[in-house]
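Observations on the three-dimensional arrangement
The lines below spell out each chain.
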Amino acid sequence: MAHKFEIYKDKAGEFRVRFKYNSETIFSTEGYASKASAKNAIESIKKNGPDAPVDDTTD
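Treat the numbers as computed from the prediction; the structure is a model and nothing was measured. (Residues numbered from 1 in each chain as written. Predicted model: local features only at pLDDT ≥ 70, side-chain atom pairs only at ≥ 80, totals over all residues. Heavy atoms only, no water.)

1. What to know about the overall build of the protein
Here is the rule: Secondary structure elements are taken from DSSP: a helix is a run of H or I of four residues or more, a strand is a run of E of two residues or more, and numbering for both begins at the N terminus. Buried, partly exposed and exposed residues are distinguished by accessible area as a fraction of the type maximum, computed with a 1.4 Å probe on protein chains only: under 20%, between the cut-offs, and over 50%, respectively. Only heavy atoms matter for contacts: two residues are in contact if any of them lie within 4.5 Å across the pair. For every accessible area listed, the method is Shrake-Rupley and the probe measures 1.4 Å; residues are considered covered only by the protein chains on display.
In terms of regular secondary structure, the protein is built from one helix and three strands. Reading the secondary structure of the protein in the N-to-C direction produces β-β-β-α. The C-alpha extent of the protein, read off along each of the three principal axes, is 40 × 25 × 25 Å. Counting all 59 residues of the protein, 22% fall into the buried class. In the protein, the proportion of contacts linking residues at least 24 apart, taken out of those at least 6 apart, comes to 13%. When the accessible surface of the protein is totalled, it reaches about 4800 Å², and 49% of it is carbon and sulfur.

2. Details of the UniProt feature "domain: DUF1508" (unreviewed entry) in the protein
Basically, it comes down to this: UniProt positions are given in the numbering used here, feature names are shortened, and annotations may be inferred rather than shown by experiment.
Per the UniProt entry, the sites bearing "domain: DUF1508" (unreviewed entry) are residues 10-56 in this numbering. The straight-line gap between the two end C-alpha atoms of residues 10-56 is 30 Å; of that span, 30% is helix and 26% is strand.

3. As for the sheet that holds strand β2 (residues 15-21)
Strands in a sheet are paired, the pairing made by backbone hydrogen bonds, and the direction either parallel or antiparallel. Condition: Only strands that DSSP links by at least two bridges are regarded as paired with each other. Orientation is described by axes fitted as lines to C-alpha atoms, over the contacting stretch for helices, and by angles from 0 to 180 degrees between their N-to-C directions.
Spatially, the three strands line up as an open sheet ordered β1-β2-β3, and their pairing is antiparallel. In this open sheet, the two strands that pair with only one neighbour each are β1 (3-9) and β3 (24-28). The sheet shows a mean angle of 35° between the axes of neighbouring strands, taken without regard to direction. Examined bridge by bridge, β2 and β3 share four bridges and lie antiparallel to one another.

4. Looking at unusual backbone geometry
Despite not being glycine, Asn22 shows a phi value in the positive range, around 50°. The topology assignment puts Asn22 in the loop between β2 and β3. On the basis of relative accessible area, Asn22 is assigned to the exposed category, the value being 51%. Phi angles above zero are rare outside glycine, and Ser23 is one such case at about 70°. On the secondary structure map, Ser23 appears in the loop between β2 and β3. Judged by its relative accessible area of 69%, Ser23 is exposed.

Below you can see the structure in the form of structure tokens.
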């Protein structure tokens, strides 16, 4: 699989989500207190991400 979501624990013990494409991290989320919250973040990204507008602040 070329792309995936990865849940991991950071040094502070919080759960975070990374989105990887071809082993390169494209983005990672804020820290969450529970794994369930990290999983909810993944579902939210999947649901809301495809239709998200692009905000180009360089103009």
